[in-house]
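Notes for the structure review
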Amino acid sequence: MIFDMTVNVAYALAAIFVLLLIATAIAWPQRKRKHELWLRTRTWWVIVALLGLSIALPSWVPIALFGLISFLAFKEFVTLIPTRRADHRVLLWAYLSIPLQYYWVSIGWYGMFIIFIPVYIFLALPLRMVLAGETQGFIKAAGTVHWGLMIAVFSLSHAAFLLALPAASNPVAGGDGLLLYLLLLTEINDVGQYCSGKLLGKHKVVPKVSPNKTVEGLIGGVIITTLVAALAAPYLTPLAWYEAGGIGFVLALAGFAGDVTISAVKRDLKLKDSGSLLPGHGGILDRVDSLTFTAPLFFHIVYFLYY
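The present account deals with the structure reproduced in this document. Here the structure is a predicted model, which is why all the values come from computation and not from measurement. (Residues numbered from 1 in each chain as written. Predicted model: local features only at pLDDT ≥ 70, side-chain atom pairs only at ≥ 80, totals over all residues. Heavy atoms only, no water.)

**Considerations on the pattern of salt bridges**
Tallied over the full model, the rule gives 4 salt bridges. We note a salt bridge from Arg287 to Glu187, for which the minimum N-O separation is 2.7 Å. Placement of Arg287 in helix 10 (residues 284–288) and of Glu187 in helix 7 (residues 174–200) is noted, with a sequence separation of 100 residues between them. Residue classification places Glu187 among the buried residues on the basis of a relative accessible area of 16%. In this structure, a network of salt bridges that share partners links the residues Glu187, Asp190 and Arg287. (Salt bridge = Lys/Arg side-chain N within 4 Å of Asp/Glu carboxyl O. Helix = DSSP H or I, 4+ residues; strand = E, 2+ residues; numbered from the N terminus. Buried < 20%, exposed > 50% of the residue type's maximum accessible area, 1.4 Å probe, protein only.)

Take a look at the structure:
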């Protein structure tokens, strides 16, 4: 063990840092012009450093980090959407559900984790709206807050719950390995689709939602993610190569779906980015858009197969 991580996880993180060094060397000539590639690469150093440091510490640290990410993502979402004055106290209840959701994760209480937001909070928030006495825009307000919690909190908390799974079922890397594997595939898919689209893209997939997304980019991302999934699985997961390949294929499609779904939200609001917290990337939602779809899918597939 190195700190609180397995040797395989440490090697995987080292490999990611090597890839970042290569990306930095490519982007270095663009640094003075503050090119998007340079800004993206520089921000990736911060993201990977924070993630690597948190994984090296006890599991409650990366779980708390994901709780903070969910808070920032939900706050960003609420900032973007129009809200009624009557909803302010309702939003307070929604914010308070975030530390509770991650508390269930930290103690590994799967039963409460899986129903807390989609059952109890989904019932409580409309009730609080009713008590406020404002019926104008009630359906839209309830649906909007519910959906924000689903993507920013409930979906992302599945990634954190990987850390609470019994390490015995993944002896090669434990929960840290599963989390790193999920994040690696999700981001490799984003990069693969972006590069494939830039080099080969000709045919638009959803031009009215995301004009830069192409069929060639999607196919390239699927192929790259499937290959990386099969190659990395023996070092980070208990998955057989064919299971890993299937998961890579599914996550590539799910990542694309998450990306274009958040793009649809931004297009509806006539925005390019959800925020400006992450230079070169935009906001938190811009960075975790794919993860909102890949995290729950990966968690439940692995949970079904091995837990």
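**Some points on a nonpolar patch on the surface**
Taken together, Val18, Leu19, Ile22, Ile26 and Leu37 make up a surface patch of nonpolar side chains, about 450 Å² in accessible area. Tracing the sequence through the fold places Ile22 in helix 1 (residues 7–27). (Patch = residues over 30% accessible without salt bridge, like charges linked within 9 Å, V, L, I, M, F, W, Y side chains within 5 Å. Areas by Shrake-Rupley, 256 points an atom, 1.4 Å probe, with all protein chains shown as cover.)

**Quick look at the side chain of Lys213**
With respect to the helices and strands, the residue Lys213 is situated in the loop between helix 7 and helix 8 (215–236). At 2.6 Å, the side chain of Lys213 and the side chain of Asp259 are in polar contact. (Polar contact = N/O pair within 3.5 Å; in protein donor to acceptor, adjacent residues only side chain to side chain.)

**A closer look at the side chain of His158**
By the secondary structure assignment, His158 is in helix 6 (residues 138–161). Judged by its relative accessible area of 1%, His158 falls in the buried class. At a separation of 2.8 Å, a polar atom in the side chain of His158 contacts the main-chain carbonyl oxygen of Phe154. If we skip the residues at most four places from it in the chain, His158 touches Phe113, Ile114, Ala295, Pro296, Phe299 and His300. (Contact = heavy atoms within 4.5 Å.)

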